[in-house]
Amino acid sequence: MENTNRKSVEIKKIRGVLPSSEALFSSTKSQARWYRIQEKIIENMLLLATIISSTAIFFIILFVAKEALSSLKHNGLAFFIAGGWDQHIQEAWFSETPKWDFGALPLILGTFLTTGGALLLTFVLGTGCAIFLAELAPDAIRRPVEAMVRLLAGIPSVIFGLIGLMVVVPFIMDNFISNELALKFIAVAPLDGQSLLAGVIVLTFMVLPFYVTVATDAIRAVPKPYKEASLALGVTQWRSVTKVLIPVAIPGIVTGMILASARAVGEAIALSMVSGGMAFIPDPSHGLVFFLEPVRVMASAIIDNKEAMSVKAIESALFGVGTILLFISILLSLTARLVFSWYQKQVMAK
Amino acid sequence: MLFTGISLSKKRLVVLAIIAGLVLSAAAFLTTNQAHAAKLSGELHISGSNTVFPLSHALAKEFMKRNKNVKITVTGPGTNVGIQDLLAGKVPLAGASRPLKPEEKAQGLKAYVIAREALVIVVHPKNKVKGLTMEQVMNIYLGKITNWKDVGGADAPIMAYSRPPASGTFDYFNELFLKKQPQAPTVKMLETHGLNREAVVKNPNAIAYLAFAYVNKKVKPVALNGVVPNKKTIEKGQYPVIRPLFHVTKGEPTGLTKEFLKWVLSPAGQNVVKKEYLPAKKK
Amino acid sequence: MILKDPAKDSIKDPFVPLTIPGALEKNRNGDQKSLLGNQKNLLKGEKASLKNQENSLRMEVKNLDAWYSSGQVLERINLPIFENEILALIGPSGCGKSTFLRCLNRLNDLIKSFRLQGQIKLDDFDIYDPGIDLAILRRKVGMVFQHPNPFPMSIFDNVAFGVREINRRIKRTELAEIVEESLRQASLWDEVKDKLNVSGLSLSGGQQQRLCIARALAVRPEIIMLDEPCSSLDPVSTAHIEELLLMLRADYTIIIVTHNLAQARRISHRMAFFLSGRLIEHGNTAEMSIRPQCEETENYLCGRFG
C-alpha cells in the first residue's frame, strides 16, 4: 500500500507541471495562430539557409570556372596532359606579350601521388589503429591514445609543415640520399629530402586522425551481437574483427577514407614546405629514387604562385587548377554517396 | 511549475548576459575614446615585400613606441601582393623590393626609397667555397655549373634555391645576376627568405640568395667578386649588389600614413634603418 | 552411448589440426547418412531418449560463482547436463540464466569486469583451464541468441561463414552441401533455396532466427545453447522453432533459456529453475511441474511471480 501511495504522489508531482485538460480549449485562437506563425518563420528561415548555402556553392563553382575558362580554352587538353608548369609561370611573368601556354600535368600527378600514397599508408596504419582502439585496447591505453589522435586532428597544417621540414626532410636526406646519388641526379632534380616521400609521410599524419576517428566510431558502432555470433561459432577474435566487424563497418571506413582524401587533396601549405617546391614529375624508371624526387601539388601551386596573379594568364591558369581541385572534391563527395547507396543495396536492402 | 521556473531563470540569465555585454562594451568605448585624446592615433596596415618586412616591422615598432595610440600591423607576403593590395585599396602603404614598373606608375603609385640593402649569396657553413663571381652565380642558377668542385668546393652537387618568379627579390636577382635568362628547372623556388635560409641550414650542398637582414650565423655569406658582404663593405658601397628598398603609396599619402612616412625618412627613422640596413641616401 | 570424437581429444591439445565439418559429422554418426535417413533417425532417437533418462553426463557445473562489476550474479551453481537432452533454464528475468549460459561457452570473457569461480567441465575437461582452445570449445558448444542476428551477408554466406573459417580451402561443392544440410535441419531450406544470394537481413524475424540456428548447426556443434530464441518472434515462428528443436534433440544436447513456462514444459526433458542468481531446483520436467520440491519453484510455476 505504502508503495502505491508514493507512486501516486509522484504522478501528481509530474502532472502538476501540465495544465489541466480544459486548457486544451482555453488557449485563445490568436495564441494558436501565433504558434503557427512561429513555426512558419522557423521553417522559412531554415529553407533560406539551405538556399543561401547551396547557391553559394553554385556561384563558387561558376566563378572559379569562369575565371579559368580563358586558360582552359587556350590550352585545351594540353592543360591536363602537358608539363612545364614552372617554366610557363616564369615565361608568363617576364614576357612582354601575354603568354597563355600552361601544362598542369605535374601538379595533377603530384596531387594524385601524394594523396594516393598518404591514403594507402593511412588505410594500413589507420585501420590497424582503429581496430586496436575499438576492440583490443584496455581503457588505460585507449583513453590517452584517443585524446592524442583528437589533438593531432586539431594541429594546423603549418605546424605539420614545420615539423616535416625540421624532422622528416633532414631524416630522408641523411638516411636515403647519398652524395653520389644526389650528384647523379643533380641535372634531373635536386634530391634534398624535400620529396614525394616526405609529402606522403607528412600528409599521412595530417589525415590519419580524421580517418582513425571515423573508422573507430564505425567499428564501435557495429552491433555487438555480430561479434558475439561470430565468436560463438568458434571464430577467433582476430578473424571476427576482419571478417565481420570490418565488413559491417565498411560504410564508415569508406566515409573516413573519403574525408581523408578530401583533406589530402586540398592540402597546400604543409606540402608546399616538404614535398619539393618544384613542378616535377617523378620518374618511375629511376626505381626507388622515384620517391625521393620532388613534386608540387595543385593546392600548393596556387599558394606558391599567388604573387604572380597580377598577370592575367597566370591568374587564369591558377583558376584552372582550382577548377580541377573543385571537381575532384565534388567527385569525391559523389563517390561517397554512391558507395554508400551501393552498400545499402548490397547488404542492407530488404 | 518546475519547468517554467527553469525557463524563466534561463531567460533571466540571457537578459543579464546582454546587459553585462552592453555595459562592458560601453566601458571599452569610453576608455578608447579617452585614449584618443593624444596627438597621433589610429591604425595602419602595411603589406608588401617579404624583403622589406623586417625593416617595416622594426620601423613600426619604434613608431608605436613613440606614439602610444598608433597601431601598425605589418605583413610580408611579397612585393606584388602588396602592390595589388594597394591598388585594391586594401592597405594605404606597401613595402617593395623593386622599382615600380611603368604601368604601375601609370596607375598612380608612388615609391619612396626608405633604405638600401645588400643581396647576399649564402651557403652552408661547412661549405669550403669562400667566394664566387657573379658569373659563377649566374651559371649555377642557369644549371651550367652543377658541381661544387667546379667552383673550388667538394665533389658534391650544387642545390640552388630561389624565390618564386613573382617576388620582388627574384625580379632583382634575375635582372642583375641572370641577365633576364630563365633559371634552370632544377632550381627550387621557395616562398620566403626564411624558407630559403632554412634550406641552406639543413642542406650542406645548398646555395641561396638572401636579403642581408635575413643572414644569421647558421648560414655563410660568400664573397661576391672578391668582396665579403659585411656591414663595413656594404656601408662603404664596396659590395656589388646593393639595391634600394621602397615604401609605396597610391597617390599622395595622407593622415597617419603621411606622418609615418615622414618619420621614416626623418633622421629618427633612418637611425632605425641604420641598425640593419643602409640609409636611404648615400653619404 | 559414448561417442568417440576426435574433436573431443583436440580440446586437450589446441594445436591439433582442424578437421573439416563434413568429416566430423561422419565420425559422429558412425557412417554417412542421407539427409532423409538422418531425419528418420532423429525421430527414433527422440523416442528413445524420452524413455531413457539416464543419458551420459556431458557437462558438469560445480560450485559456480560469478561476478560482474555490479556484484555477484551467480551463486553456488551445481548442475549436470546430459547427452541428448533438452534442458530448459527458467526463472524471472535478471535471475542469471543468460549469464549462466554465457559461462558455458565463455562468451562472458568479453566482459572486462566479469569474474568467475568454480568449475565447468565438458567431458571431464575444465573449460576455464588456461590451455583451452576457445575456438574449439565454442565450435563444440554452439549458441543462438535472443534476438536474431544474422550477419549482413547473403543467406548462403551466413551459413557458410563458420565453416569457411574452420577450413579455408573447403571445396565449393562440399560447402554448398553443408549449407543445404544445415538449412534443411533448420527447416529453412524450402523457403530460401531460390534466394541464397539474398541478404540474410531481408528475411522475416522467424526466418532470421532459423537462419541463425542453421548457422550454428553448420559448424557441427555437439551442444546447442539457445538464449530465449523465441522472445522476439510471433507464435507461428515460435511453433516452427519448437518443432525444429524437438527434431534436433536426438543428435544434439540442447540448452534453452526461456521465459515461457509452457514452452519449457512442451519441449524440455529437464528444467532448472534460477532465482536471483541461485539455482533453486532442477529435475525432470514432468516431475518438477507436478511436484516441485521448493516453495519458490511452486510459486513461480503457478505464476505467483515472475
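Residues numbered from 1 in each chain as written. Chains lettered and ligands numbered in written order. Predicted model: local features only at pLDDT ≥ 70, side-chain atom pairs only at ≥ 80, totals over all residues. Heavy atoms only, no water.

Draft legend 1. Up close: the pairing of strand E3 (residues 93-96) of chain B. Residue and element names in this part refer to chain B. By the alternation rule, side chains of E3 split into Leu93 and Gly95 and Ala94 and Ala96, which are all buried. Bridge count between strand E1 (residues 42-48) and E3: three bridges; the pairing is parallel. Opposite Ser47, over in E3, you have Ala94 as the bridge partner. (Buried < 20%, exposed > 50% of the residue type's maximum accessible area, 1.4 Å probe, protein only. Helix = DSSP H or I, 4+ residues; strand = E, 2+ residues; numbered from the N terminus. Pairing = 2+ DSSP bridges.)

Draft legend 2. Representation of the interface of chain B and chain A. The interface is formed by 41 residues belonging to chain B together with 36 residues belonging to chain A. Together chain B and chain A conceal approximately 3,000 Å² of surface at their shared face, both sides included; 60% is due to carbon and sulfur atoms. Taken together, the links from chain B to chain A amount to two salt bridges. Every element with two or more residues in the side of chain B that touches chain A is listed here: helix H3 (79-87), strand E6 (159-162), helix H6 (168-176), strand E7 (188-189) and helix H7 (193-202) of chain B. With four residues, H3(B) is the single largest residue contributor to the side of chain B that touches chain A. Classifying every residue of the side of chain B that touches chain A by side-chain character gives 21 nonpolar, twelve polar and eight charged. (Contact = heavy atoms within 4.5 Å. Buried area = accessible area lost by both parts, 1.4 Å probe. Salt bridge = Lys/Arg side-chain N within 4 Å of Asp/Glu carboxyl O. Nonpolar A, V, L, I, M, F, W, Y, C, P; charged D, E, K, R; others polar.)

Draft legend 3. Geometry of the pattern of salt bridges. All names here are of chain A. One pass over the full model with this rule turns up 37 salt bridges over all chains. Across the salt bridge formed by Lys40 and Glu43, the nearest N and O atoms sit 3.8 Å from each other. Highlighted residues: Lys40 and Glu43, both in helix H3 (residues 29-75), separated by three residues, approximately one helical turn. Residue classification places Glu43 among the partly exposed positions, given a relative accessible area of 47%. With a closest N to O distance of 2.7 Å, Arg220 and Glu146 form a salt bridge. Taken together, the residues Arg220 in helix H10 (residues 196-220) and Glu146 in helix H7 (residues 139-154) connect sequence positions 74 residues apart. Looking at Glu146, the relative accessible area reads 13%, which means it is buried. Because the salt bridges share partners, they merge into one network encompassing Asp139, Arg142, Arg143, Glu146, Arg150 and Arg220.

Draft legend 4. Expanded view of the interface of chain A and chain C. Opposite the 23 residues of chain A that make contact, chain C presents 27 residues. Here chain A and chain C share an interface that buries about 2,100 Å² over both sides, 65% of which is from carbon and sulfur atoms. Considering only the surface of chain A that becomes buried against chain C, A:Glu228, A:Ala232 and A:Leu233 emerge as the three largest contributors, covering 29% of it. If you look at where chain A meets chain C, you find two salt bridges.

Draft legend 5. Quick peek at the packing of aromatic side chains. What the rule picks out here adds up to 19 aromatic pairs over all chains. Aromatic side chains B:Phe63 and B:Trp263 sit 5.2 Å apart centroid to centroid with 50 degrees between the ring planes, which places their arrangement in the tilted category. Residue B:Phe63 is found in helix H2 (residues 53-66), and its partner B:Trp263 is found in helix H9 (residues 255-265); the two are separated by 200 residues along the sequence. Classification of B:Phe63 by relative accessible area gives buried; the value is 2%. Taking the relative accessible area as the measure of exposure, B:Trp263 reaches 11% and is therefore buried. The residue whose ring lies beneath C:Arg115 is C:Trp67, and the NZ or CZ to ring-centre distance is 4.4 Å. The residue whose ring lies beneath C:Arg215 is C:Phe151, and the NZ or CZ to ring-centre distance is 4.4 Å. (Phe/Tyr/Trp six-rings, centres within 6.5 Å; stacked < 30°, edge-to-face > 60°. Lys NZ or Arg CZ within 6 Å of the ring centre and 35° of its normal.)

Draft legend 6. Here's a closer look at the nonpolar core. Core analysis: the biggest nonpolar cluster contains 139 residues, and B:Ile121, B:Tyr141, B:Phe177, B:Ile207, C:Leu89 and C:Phe100 have the highest contact counts within it. Per element, the largest residue contribution to this core is ten residues, and it comes from helix H12 (residues 237-266) of chain A. Other than its neighbours up to four places away in sequence, C:Leu89 contacts C:Leu79, C:Lys97, C:Phe100, C:Leu101, C:Ile255, C:Ile256, C:Val257, C:Thr258, C:Ala272 and C:Phe274. In terms of nonpolar packing, the next biggest core, distinct from the first, is built from 48 residues, C:Val163, C:Leu203, C:Cys212 and C:Ala214 among them. (Core = buried A, V, L, I, M, F, W, Y, C linked by side-chain atoms within 4.5 Å.)

Draft legend 7. Region of interest: the domain arrangement of chain A. Here chain A is described as being made up of domain 1 (2-63) and domain 2 (78-349). The C-alpha-based centres of domain 1 of chain A and domain 2 of chain A are spaced at 45 Å. (Domains from an automatic or database assignment.)

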